[in-house]
Amino acid sequence: MTPLLLNLRIAMSALRDAWRRNLLALAGLAVGIAAVVAMLGLTLIVRQEALRQFDRSGLDVLALRKTSTPSPATVRRPPQIDAAALRHLAAAVPALDLIAPLQERRGTLGFNGRTAQATVLGVTESFAELNALEAAEGRLLTDLDHAEPYVVIGRELAGNLRGGGGAPLVGRQLQVEGRVLTIVGVLAPARAIRLHTGDLNQAALVPAETFGRIVDGAEISVIYARHRYGPSPADVVAEAVAALQSQVEGLALQATSAAEWVAEMQRQLRLFTLLLGATGSIALVLGGTGIMNGLMLAVTERRNEIGLRRALGALRGDIQSQFLCEALILCGIGGAVGAPLGALVTRVIAWRAAWDYTLPLAVPLGGVALAVLVGVAAGFLPAFQAARLKPVVAMRAA
Amino acid sequence: MTAVVELESVSRRYRIGPVTLDALQEVSLRIEPGEFVAITGPSGSGKSTLLHLMGLLDRADEGCYRLDGRDVAACSDDELTLMRNRKIGFVFQAAPMLPRLTARENVAVPLVYRGVSSSEATARANHRLDQVGLLAVADHHPAELSGGQLQRVALARALVGNPRLILADEPTSALDAATAATVTALLIDACRTAGAALVMISHSAVETEQADRRLMLTAGRLQGANATGKAAA
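Residues numbered from 1 in each chain as written. Chains lettered and ligands numbered in written order. Predicted model: local features only at pLDDT ≥ 70, side-chain atom pairs only at ≥ 80, totals over all residues. Heavy atoms only, no water.

1. Looking at the overall build of chain A
When helices and strands are tallied, chain A shows 12 helices and 10 strands. Here chain A holds 398 residues, and 46% of them are scored as buried. Long-range contacts, defined here as pairs at least 24 residues apart, represent 81% of the contacts in chain A between residues at least 6 apart. Surface exposure of chain A reaches about 18,900 Å², of which carbon and sulfur atoms provide 59%. (Helix = DSSP H or I, 4+ residues; strand = E, 2+ residues; numbered from the N terminus. Buried < 20%, exposed > 50% of the residue type's maximum accessible area, 1.4 Å probe, protein only. Contact = heavy atoms within 4.5 Å. Areas by Shrake-Rupley, 256 points an atom, 1.4 Å probe, with all protein chains shown as cover.)

What follows is the structure in structure tokens.
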């Protein structure tokens, strides 16, 4: 047996004897480690999830949203984005390679004698391209449809119209705001670009000109656009806003680019990380303090043992390593419990939020390593105190 | 021949608040190898303090202490620990043990700290336990042993490293007469056969009568004509 093995032997036995006291400290530490692992895991997952959402449409997308800012008194009629303004936008900002104006209104649909409310979108072909839409049945709208009385419906809306049946919808008539349109297609499950706030699966899409005919006061409420790589998104946004405002007097726009959105999201993630980090740190400090307190108490209770071992030849370092050893074992157990617990919490949250669960092994392993660090920190003071005890206590205590 | 213990005008004071207590005052003592010295004295006379100093568990405030010819005043804490481990065997009054280790492991502890291999330490521990008649309970934990058995295990532990100096602090005070006689006999035998110096604090006339010298401590001062020389047997 070596002094280290002797320490390990005594450590295991001492920890077993004081398991009730250690259990509380262990629980605190395990919760702290779990919080840190969950924090790191969720941060990674959320970041991946956000980037995955932008993967489809890319970071080169921007949105120019018309705001409800009151028009200045000098403006005689409410500003409206028209076809001329869109043409000017395309010409003035050559960095834009795709422009998808969107008209949007909550409307009444009628089908088979039943009515329902749904979002009706007036779109161009570019909208489908920008959102990578695909048709599950029939076809998508094209610019050749102009003002044709056609409609393409989202997958969930189609399911509602079918009412549980499997009857084909393409070719059937759908009343939109009292006008009869022909269903030419049903969308495959769709996920709009992140900048679009509505659910395309529950929407009815009609050609832009058709939308103008069937909806009173129809207007372009938002323009989605994609720009070429190269120019900075902020510059492109500024140019686009300027181009539109030069054509439409009194037009107020709120511009958002995907890149800015991602930057903002990352700022929020940093805040989130900071918050979780603070929570985890507090739990770790509490757990570590609990372990330190337990060991300080053990040093007091085991003065005789310390003194006897010093009398028999244990160096200060041997005594120091005894208590460090106990702190490390405790924290190692805390880490071994807390890290999988944190991974489990991450998994549950990811499952509830429908995020892909991908937790690199380095995260729980990092949690265990952190627990070991806490062990060193928590064990240092008791170990130092134990090593400083004078061996004369052995004779006095004996 | 080099004396095992050489104390020259050693003093030790304790400060308790504003009060200074002279626990030992100018104690001089020389103990030769193989010599058995019994120390008696009333409570608080400084017996334990003297044993602590001789056992390198404490340091003197004044005077010189040479253990086996080496002045310990200049030694570092770790050096004192190593000397204690290699040269001194302790038998304490209450026979303190490491409760989580077996009797054999308790006996082997000094050898573990000396760096002796596991197999050799076990063999030597077994040998000493056999000498004190406790090989049969070598795997028992201290809680499973009687007071007399514990004291004999403590004796085996004190002897396992072949020390130059055995310090025994009232080793038989908690034992019945028969067990006390056995323990004392074992101590004296180790002293005589191994040539180790034995210093025993005792209030038992039966034990002190067997000593080469009987010294008395009173108020921190050593009394006795033979304090610095070996008495005739």
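The discussion continues.
2. Comments concerning the packing of helix H3 (residues 103-114) of chain B against helix H5 (residues 147-159) of chain B
All names here are of chain B. Here H3 crosses H5 at 30 degrees, and the two axes come no closer than 7 Å. Classed by the angle they form, the pair H3 and H5 counts as roughly parallel. The hand of the H3/H5 crossing is right-handed. For the pair H3 and H5, the contacting residues are Ala103, Asn106, Val107 and Pro110 in the first and Val153, Ala156 and Arg157 in the second. Broken down by class, the residue content of the contact of H3 with H5 amounts to 5 nonpolar, 1 polar and 1 charged. (Axes fitted to C-alpha atoms, helices over the stretch in contact; angles between N-to-C directions. Parallel < 35°, antiparallel > 145°, perpendicular 65-115°, else oblique. Left-handed = near helix turned anticlockwise from the far one by under 90°. Nonpolar A, V, L, I, M, F, W, Y, C, P; charged D, E, K, R; others polar.)

3. So, the interface of chain A and chain B
Contacts between the two partners involve 26 residues from chain A, matched on the other side by 27 residues from chain B. Here chain A is connected to chain B by 5 salt bridges. Asp77(B) is the salt-bridge partner of Arg310(A), the closest N and O atoms lying 2.7 Å from each other. The tally of links from chain A across to chain B stands at 10 residue pairs in polar contact (both at pLDDT 80 or more). (Salt bridge = Lys/Arg side-chain N within 4 Å of Asp/Glu carboxyl O. Polar contact = N/O pair within 3.5 Å; in protein donor to acceptor, adjacent residues only side chain to side chain.)

4. Description of the sheet that holds strand E1 (residues 5-16) of chain B
Residues and elements named next belong to chain B. The strand order E2-E1-E4-E5 describes an open sheet built from 4 strands, whose pairing is antiparallel. Either end of the sheet is taken by a strand with one partner, and the two such strands are strand E2 (19-31) and strand E5 (70-71). Of the pairings in the sheet, the one linking strand E4 (residues 62-67) to E5 comprises 2 bridges and is antiparallel in character. From the neighbouring strand, arginine 66 faces E5, where its bridge partner is aspartate 71. (Pairing = 2+ DSSP bridges.)

5. Digging into a nonpolar patch on the surface
Residue and element names in this part refer to chain A. There is a patch of nonpolar side chains on the surface, built from Leu341, Leu344, Val345, Val348, Ile349 and Trp351 and spanning about 550 Å² of accessible area. Of note, valine 348 is situated in helix H10 (residues 316-352). Judged by relative accessible area, which is 41%, valine 348 ranks as partly exposed. (Patch = residues over 30% accessible without salt bridge, like charges linked within 9 Å, V, L, I, M, F, W, Y side chains within 5 Å.)

6. Things to note about the pattern of salt bridges
The full count for this structure, using the stated rule, is 28 salt bridges over all chains. With a closest N to O distance of 2.8 Å, Glu62(B) and Arg13(B) form a salt bridge. You can see Glu62(B) sitting in strand E4 and its partner Arg13(B) sitting in strand E1, a full 49 residues away along the chain. Looking at Glu62(B), the relative accessible area reads 37%, which means it is partly exposed. Sharing partners across several salt bridges, the network here consists of Asp17(A), Arg302(A), Glu305(A), Arg309(A), Glu326(A) and Arg100(B).

7. Examining the packing of H10(A) against helix H11 (residues 362-388) of chain A
Helix-helix packing is described using two parameters, namely the angle between the two axes and the distance between the axes. Residue and element names in this part refer to chain A. Put simply, H10 and H11 touch, their axes get as near as 7 Å, and they point 150 degrees apart. Here H11 runs roughly antiparallel to H10, going by the angle between their axes. Read as a crossing pair, H10 and H11 show a hand that is right-handed. Of the residues that constitute the contact of H10 with H11, the class distribution is 19 nonpolar, 4 polar and 2 charged.

8. What to know about helix H9 (residues 303-312) of chain A
The buried fraction of H9(A) amounts to 8 of the 10 residues, a majority that puts the element mostly inside the structure. Among the residues trailing H9(A), Gly313(A) stands out with phi positive, at a value near 125 degrees.

9. Observations regarding the pairing of strand E2 (residues 96-111) of chain A
All names here are of chain A. Both E2 and strand E9 (residues 220-227) contribute to a ladder of 7 bridges, which runs antiparallel. Across the sheet, residue glutamine 103 finds its bridge partner in E9, namely isoleucine 220. Pairing of E2 with strand E3 (residues 114-123) involves 9 bridges; the strand directions are antiparallel. Residue arginine 106 lies in a different strand from E3, and its bridge partner there is threonine 119. Hairpin geometry of E2 and E3 is characterised by an intervening segment of 2 residues between the two adjacent antiparallel strands and by a positive phi of about 55 degrees at asparagine 112.

10. Structural notes on unusual backbone geometry
Phi at Ala132(A) is positive, roughly 50 degrees, even though this residue is not glycine. Residue position: Ala132(A) is located in the loop between helix H4 (125-130) and strand E4 (135-138). Residue Ala132(A) is classed as partly exposed on the basis of its relative accessible area of 46%. Even without being a glycine, Ala219(B) presents a positive backbone phi close to 50 degrees. With respect to the element layout, Ala219(B) can be found in the loop between strand E9 (213-218) and strand E10 (221-223).

11. Quick notes on the nonpolar core
Ranked by size, the top nonpolar core spans 77 residues in total, and within it Phe323(A), Leu7(B), Ile39(B), Met54(B), Tyr65(B), Leu67(B) and Leu165(B) carry the most contacts. No other element matches H10(A), which puts 9 residues into this core. Setting aside chain neighbours within four positions, we find Leu7(B) in contact with Val27(B), Ser28(B), Leu29(B), Leu50(B), Met54(B), Cys64(B) and Tyr65(B). Ala95(B), Leu111(B), Leu187(B) and Ala196(B) belong to the second largest nonpolar core, which has 40 residues in total. (Core = buried A, V, L, I, M, F, W, Y, C linked by side-chain atoms within 4.5 Å.)

The analysis is restricted to geometry; functional conclusions fall outside its scope.
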